[in-house]
Amino acid sequence: MALLAAPDVRLRQVGRGARGRFPEPQRHKLFVLEAQRPQGGQVISFHRSSVRRRWTASAVGLVRGMPRFHVSPGQGGDAPLVHGWAWMNFTWFASAYDNDDVTYRVVTLVQIAGVLILAAGVSRAFEDHDFLVVYLGYLVMRVALASQWLRAAHHASSAQERTMCRRYAGGVLTVQIGWLALLFVPEGAQPWVFLAMALAELAVPVYAEKDAPSTWHPHHIAERYGLFTIIVLGESVAAATVAVKSGVLENDALNELLPIAAGGLLIVFAAWWIYFVVPAHDRLTDSRQGFLWGYGHYVIFASAAAIGAGLEIAVEQAVGKAHISTLAAAASVTIPTAVFLLSVWLLHARHFKVGLAQQAVLPGSALVILLCSFAGRWAVLAAGLVAAATVAVGVTLTARTRATRTARPS
């Protein structure tokens, strides 16, 4: 209430030093509301983070509506990718400039409304190749983000930072205009428009930060990406559960579905364990590493979601709904699982492994899981057992390494 009653409220940017909530790095900055009370001249500062609370719900909503991955970009398959990109942009912006004031909250809620509009248009984009609602939702999201960047530019502490913020705002709006082409080009050209605009989207941060990087915090970024990974894996479990339930009720095929259900759970649990077993934030030491790590998560998110889609396909094939071979159904689970393991290893796990044995665990597991595709109706269960064994071997090797180090005389 004191803040609301203060006649002089201004926005400033401050660094989080060694005494702050996050001890490192000291370059991290946040907007802070400074309220000057009229009587005593007391300054009140508020340091709060809101991105996790307000975007988790929207992420769940969009991920829950994610389409199957056999649809090509430009034919509806781009909807979750577009949302994922918007979420990434917001995450990095919020890590540097989240001040949690009234304006920030309202604009964030506008962005969430855009997510819901976009999600409402996914079905139409898939069935009728009509992208109008998806575009309008994305437009709401991106205009709101551009306004946040312009606000950050207005309160920037240096000319370089102001230029960086304006480049972000201008790039976001320019690319948004380019997406209009998706509404007017022939259906056959839509994949090419999507590809061109996706590359343009990816280029905006590189261009904006070429002279001055934004002041994001590695702990924030790692936490947000971890949350989104949990959401995608959780929705994969939910999708597989619905498929199994439907198969049991409609086809009385419990014996055929139990191996798929058990294997799917083991795969998802192992994926969660493997992703979070190392401190990913330790790798985020500069903007170059941040770009590689952030962009690389597209592969992680896509493969995690594809695991859930693959489990549904395996269930439908087992009950006779999907007229594909057993090998194809098994591969729809084993291939994304192997891709997930390899991408996690490449992005951050390999940097924390000691010795050849530890380094070989995830790549070796990915290869064995691919071979499980040839195990017939037991393929998913076999892949799940391999994934569980991967976790057990990794934990054992890490424990032995620590024990060896402890036993060495100092």
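Remember, it's a predicted structure, so these values are computed and weren't measured experimentally.

### Re empty space enclosed by the protein
(1) Moving on: Counted by the stated rule, this structure contains six cavities of 30 Å³ or more.
(2) Moving on: When its volume is computed, the largest cavity comes out at roughly 210 Å³.
(3) Moving on: Lining the largest cavity are 18 residues, and of these N89, W92, Y168, P205 and F291 sit closest to its centre.
(4) Moving on: Counting only elements with at least two residues in the lining of the largest cavity, the list comes to α3 (79-97) and α12 (287-318).
(5) Moving on: Of all the elements, α3 adds the most residues to the lining of the largest cavity, at six residues.
(6) Moving on: Classifying every residue of the lining of the largest cavity by side-chain character gives twelve nonpolar, five polar and one charged.

### Description of the packing of helix α13 (residues 326-347) against helix α14 (residues 355-371)
(1) Moving on: Contact geometry for α13 and α14: axes closest at 8 Å, N-to-C directions at 170°. As the angle between them shows, α13 and α14 are arranged roughly antiparallel. Counting all contacts with α13, which are made through T334, I335, T337, A338, L341, L342 and W345, the residues of α14 involved are Q359, L362, P363, S365, A366, I369 and L370.
(2) Moving on: Of the residues belonging to the contact of α13 with α14, the class tally is ten nonpolar, four polar and no charged.

### Focus on the pattern of salt bridges
(1) Moving on: A full pass over the atoms with the stated rule returns seven salt bridges.
(2) Moving on: Across the salt bridge formed by E201 and R142, the nearest N and O atoms sit 3.0 Å from each other. Of the two residues, E201 is situated in helix α9 (residues 190-208) and R142 in helix α6 (residues 132-154); the sequence distance between them amounts to 59 residues. In terms of burial, E201 and R142 fall into one category: buried.
(3) Moving on: Among the salt bridges present, the one from R224 reaches E223, with a minimum N-O distance of 2.0 Å.
(4) Moving on: By relative accessible area, R224 is classed as buried at 6%.
(5) Moving on: A cluster of three or more residues bridged by salt bridges with shared partners is formed by R167, K210 and D211.

### So, the layout of surface pockets
Over the atoms, a rolling probe the size of a water molecule traces out where space has been left empty.
(1) Moving on: Considered as a void within the structure, the largest pocket measures approximately 440 Å³ in volume.
(2) Moving on: Along its surface, the largest pocket is lined by 21 residues, and V277, V278, K353, T398 and R402 are the ones closest to its centre.
(3) Moving on: Per-element accounting of the lining of the largest pocket gives the leading share, nine residues, to helix α15 (residues 379-407).

### With respect to the nonpolar core
(1) Moving on: Judged by nonpolar contacts, the single largest core of 86 residues is most densely connected at Y97, W149, W179, Y225, W293 and F340.
(2) Moving on: Per-element tally for this core: the top contributor is α3, with ten residues.
(3) Moving on: When sequence neighbours within four positions are dropped, the list of residues in contact with F340 reads A271, Y275, I300, S303, A304 and I307.

### Looking at the packing of aromatic side chains
(1) Moving on: Applying the stated criterion across every chain yields a total of 17 aromatic pairs.
(2) Moving on: Ring centres of W92 and W216 lie 5.0 Å apart, and the angle between their planes is 80°; on these two criteria the pair is classed as edge-to-face. Taken together, the residues span a long stretch of sequence, with W92 in helix α3 and W216 in the loop between α9 and α10 (218-251) at a distance of 124 residues.
(3) Moving on: On the basis of an interplanar angle of 80° and a centroid distance of 6.3 Å, the ring pair of W92 and Y225 is categorised as edge-to-face. Here the residue W92 occupies a position in helix α3, and Y225 occupies one in helix α10, the gap between them amounting to 133 residues.

Rules used in this analysis
- Residues numbered from 1 in each chain as written.
- Predicted model: local features only at pLDDT ≥ 70, side-chain atom pairs only at ≥ 80, totals over all residues.
- Heavy atoms only, no water.
- 1 Å grid on protein atoms, 1.4 Å probe; cavity = no way out; pocket = protein on both sides within 12 Å on 5 of 7 lines; lining within 4 Å.
- Points joined across faces, edges and corners; volume = space filled by probe spheres on them.
- Helix = DSSP H or I, 4+ residues; strand = E, 2+ residues; numbered from the N terminus.
- Nonpolar A, V, L, I, M, F, W, Y, C, P; charged D, E, K, R; others polar.
- Axes fitted to C-alpha atoms, helices over the stretch in contact; angles between N-to-C directions.
- Parallel < 35°, antiparallel > 145°, perpendicular 65-115°, else oblique.
- Contact = heavy atoms within 4.5 Å.
- Salt bridge = Lys/Arg side-chain N within 4 Å of Asp/Glu carboxyl O.
- Buried < 20%, exposed > 50% of the residue type's maximum accessible area, 1.4 Å probe, protein only.
- Core = buried A, V, L, I, M, F, W, Y, C linked by side-chain atoms within 4.5 Å.
- Phe/Tyr/Trp six-rings, centres within 6.5 Å; stacked < 30°, edge-to-face > 60°.

None of the figures reported here should be taken as evidence of function without further support.
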